[in-house]
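Single-letter residue listing:
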Amino acid sequence: MKNSKFSLLVVLTLVLSLFLTACYGGNKNESSTTPKDNGNGEKAETPSVPQELKVFESAELPSMDSVMAEDAASFEIINNVNEGLYRLDKDQQAIPAVASEDPAESEDKLTYTIKLKDNAKWTNGDPVTANDFVFAWQRALDPKTASPYGPYMMIGKIANADKVYDQSAKPEELGVKAIDDHTLEVKLVKPITYFKELMAFPSFYPQNKKFVEEKGDKFGTNAENLVFNGPFKMTDWGGPTASSWKLEKNADYWDAANVKLETIQFNVSKDPQASVNAFESGEADKTPKLATAAIISQYENDDQMERFLEPSVWWIKMNQKNPALKNENIRRAIALAVDRKALVDDVLQNGSIIADGIVPKEFAADDSGKDFRETGKYLETNKEEAKKLWAQGLKELGESKLNLGYVSQDTETAKLEASFVKEQLETTLEGLTIEVKSVPFKIRLDLEDKMDYDLLNGGWGPDYQNPMTYMDLWITDGAQNKMAYSNPKFDDLIKQADKETDLNKQFEIFAQAEKVLLEEDVALSPLYQRSVNVLVKEKVKGLVHHNIGGEYSYQWVTIEGE
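Residues numbered from 1 in each chain as written. Predicted model: local features only at pLDDT ≥ 70, side-chain atom pairs only at ≥ 80, totals over all residues. Heavy atoms only, no water.

The protein goes by Peptide ABC transporter substrate-binding protein in an unreviewed UniProt entry, where it is assigned to Metabacillus flavus. You can read under Sequence similarities (unreviewed entry) in the UniProt record for the protein the words "Belongs to the bacterial solute-binding protein 5 family." The heading Subcellular location (unreviewed entry) in the UniProt record of the protein holds the text "Cell envelope". (UniProt positions renumbered as here; feature names shortened; annotations may be inferred.)

In structure tokens form, the structure reads like this:
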């Protein structure tokens, strides 16, 4: 690191393996369900070794209620113990899950009719019916439920979702209807080309009404108060503070014959070195995402290391409820003061790259194949300009110094990144004091939901394959805004993009909106696009990483050898 004393002290990392939603990646390990030659010219089935997997994660599970979940860690486990109409397969394609076939589409592309399997059931013995979807979607939009993600995912997509949420329409007027127990009808606000992929997202999963209502406030609080319809069932989980949980094969799953794993034991380890030690000793078959450069370098060219650039972008959110952060010069000074190149090259050293905008690189391209990220670069580091803007901002506020809190996570690597940001800001912006608050992931989510922060380290991965998944986060009073940003000009551009059906024209509108958000308003400060580094034992075959929704699927995993 050229411009930071901090860089002389640390060989860092980065992790923050948890962020709101989704994923990206590929499948390094192919499925091993193919019989192997046993040496006698005969084909044998999967070797008779225990089908048990041990996984380390870097944080606890905030929620197992698909209506209340809002983070990648929760969505991943929910995706393995439950399923919706469709699920992403090994090739990232949406295939029928509870649905028995592809949906029937109306001529205007606004109504979908989906037939359901007659052998899909819950672990309490009840069949999975169309009414379970209706119940879950209505529950997600009930203001009393206070779902942090359901309204965001459904409003603007499902007919009348906005009216049901603001209670100007009855729940039964929502655009989802059970024609009969095994036929579901969904009405949309607009044609959605990625309908099946959208239905694979956990926010659209069914819920067993009888079970949820019987449990009441206890529903989803621990493993005993959950019911499942997916490849696995959760048999041990004490709730959001639990540091371990266990999944077992669900014998009642409609496709149980093709699920080979019997158990998956998850343990939380927030120390990267401890995770690697466990991996080497055989206590873990898969580590959390590693960000410690010294560790990563040890596994260069090792077949056990999986590395890929994922479409998740990390940034500093600036809460404009704080009068100081409502000042544009103060926000711009903060954004320009952090040396992002030093962050990725000297601190992270894990393959992550500078984030030039909100939409990541290699995520979306127009009809000509042009990557959206080529439309502009914003807020490049400029410390001298940052100092001038900071002085001007303090003058406008009538202040000579400021104290700001910076919320981050409590993993060792997250603490190191926060220390770097603190050092960058305090040494560049005279009179600024940063108080770092390193907290567990769930508390970070709570603080963000309540907008109880000044600056916050956050990130986002896609919920679907379109730049809108990043852009509409920032509309006025948007469910995921959570930093009091508002600009009618930006809102209008997002509305225009939402109605535009020509992809190239839509991208042009998104580019204008991103310029308003970052160059004109400096609503937040993008830091980097993350590269993932994970150690996976070679005996683990068939592990699938998804671009969208639950990050890893374990249902196709087999264990071959010791």
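## What about the overall build of the protein?
If you tally the helices and strands in the protein, you get 17 helices and 22 strands. Taking 2.2 N^0.38 as the reference for a compact globule, 562 residues should give roughly 24 Å; the C-alpha atoms of the protein span a radius of gyration of 24 Å, in line with that estimate. Its C-alpha atoms put the protein at 70 × 60 × 50 Å along the principal axes. A buried classification covers 60% of the 562 residues belonging to the protein. Residue pairs in contact within the protein that sit at least 24 positions apart in sequence constitute 71% of those at least 6 positions apart. Just so you have it, the protein exposes about 22,000 Å², and 45% of that area is on carbon and sulfur atoms. Each charge class in the protein can be summarised by its mean position, and for the 65 positive and 93 negative side chains these summaries are 3 Å apart. (Helix = DSSP H or I, 4+ residues; strand = E, 2+ residues; numbered from the N terminus. Rg over C-alpha atoms; globule rule 2.2 N^0.38 Å. Buried < 20%, exposed > 50% of the residue type's maximum accessible area, 1.4 Å probe, protein only. Contact = heavy atoms within 4.5 Å. Areas by Shrake-Rupley, 256 points an atom, 1.4 Å probe, with all protein chains shown as cover. Lys, Arg positive; Asp, Glu negative; His and termini not counted. Charge placed at Lys NZ, Arg CZ, Asp CG, Glu CD.)

## Side note on helix H17 (residues 503-520)
A turn of α-helix holds 3.6 residues, and therefore any two residues three or four places apart point the same way. Here H17 contains 18 residues, and its C-alpha end-to-end distance of 25 Å stays within 8% of the 26 Å for a straight helix at 1.5 Å per residue. Along H17, the residues classified as buried are Gln506, Phe507, Ile509, Phe510, Ala511, Ala513, Glu514, Val516, Leu517 and Leu518. In the core, the buried residues of H17 are packed alongside helix H15 (468-471), helix H16 (488-499) and strand E18 (524-535). One side-chain oxygen of the residue at the start of H17 lies 3.0 Å from the amide nitrogen of Asn504, identifying that residue as Asp502. (Expected span 1.5 Å × (residues − 1). Polar contact = N/O pair within 3.5 Å; in protein donor to acceptor, adjacent residues only side chain to side chain.)

## Concerning the sheet that holds strand E8 (residues 176-180)
One open sheet accounts for four strands, arranged E6-E7-E9-E8; its pairing is antiparallel. Each having just a single partner strand, strand E6 (104-105) and E8 make up the two edges of the open sheet. Across four bridges, E8 lies against strand E9 (residues 183-187) in antiparallel orientation. Across the sheet, Lys177 pairs through a bridge with Glu185, a residue of E9. Here helix H3 (residues 130-141) sits on the sheet in contact with E8 and E9, set at roughly 160° to E8. (Pairing = 2+ DSSP bridges. Axes fitted to C-alpha atoms, helices over the stretch in contact; angles between N-to-C directions.)

## Remarks on unusual backbone geometry
Unlike most non-glycine residues, Gln92 shows phi in positive territory, near 70°. Along the chain, Gln92 turns up in the loop between strand E4 (86-88) and strand E5 (94-96). Although it is not a glycine, Leu379 sits at a positive phi angle of roughly 55°.

## Let's talk about the confidence of the model for the protein
Across the protein, the average pLDDT comes to 90, with 91% of residues at 70 or higher. In this model, residues 1-44 is a region of pLDDT below 50 whose contacts with residues beyond four sequence positions or in other chains number 170 contacts. (pLDDT = per-residue confidence, 0-100.)

## Things to note about the pattern of salt bridges
Scanning the entire structure with this criterion turns up 24 salt bridges. The salt bridge partner of Asp410 is Lys270, with a shortest N-O separation of 2.7 Å. With Asp410 in the loop between strand E15 (402-409) and helix H13 (412-428) and Lys270 in the loop between strand E12 (263-268) and helix H8 (272-281), this pair connects stretches of sequence that are 140 residues apart. Owing to a relative accessible area of 21%, Lys270 belongs among the partly exposed residues under this scheme. Between Lys317 and Glu448 there is a salt bridge whose closest N-O contact spans 2.8 Å. A residue pair is termed long-range when its members are at least 10 positions apart, and Lys317 in strand E13 (residues 305-318) and Glu448 in helix H14 (residues 441-449) qualify at 131 residues. A relative accessible area of 1% means that Lys317 is categorised as buried. When its relative accessible area of 4% is taken as the criterion, Glu448 is described as buried. Linked through salt bridges whose partners overlap, the residues forming this network are Lys289, Glu310, Arg530 and Glu551. (Salt bridge = Lys/Arg side-chain N within 4 Å of Asp/Glu carboxyl O.)

## Quick notes on the UniProt feature "domain: Solute-binding protein family" (unreviewed entry) in the protein
Per the UniProt record, "domain: Solute-binding protein family" (unreviewed entry) is found at residues 95-480. Across residues 95-480, helical content stands at 30% and strand content at 19%; the span's end C-alpha atoms are separated by 29 Å.

## Side note on the nonpolar core
Note that soluble globular proteins tend to have their nonpolar side chains buried in a common cluster. The biggest cluster of nonpolar side chains holds 157 residues, and the ones touching the most others in it are Trp137, Met234, Ile334, Leu425, Leu455, Trp474 and Tyr554. Those residues in contact with Tyr554 that lie beyond four places of it in its chain are Leu53, Val55, Glu76, Asn80, Phe232, Leu261, Ile264, Phe266, Lys286 and Leu543. Counting residues in hydrophobic clusters, the runner-up holds eight residues, among them Val276, Leu290, Ile296 and Tyr299. (Core = buried A, V, L, I, M, F, W, Y, C linked by side-chain atoms within 4.5 Å.)

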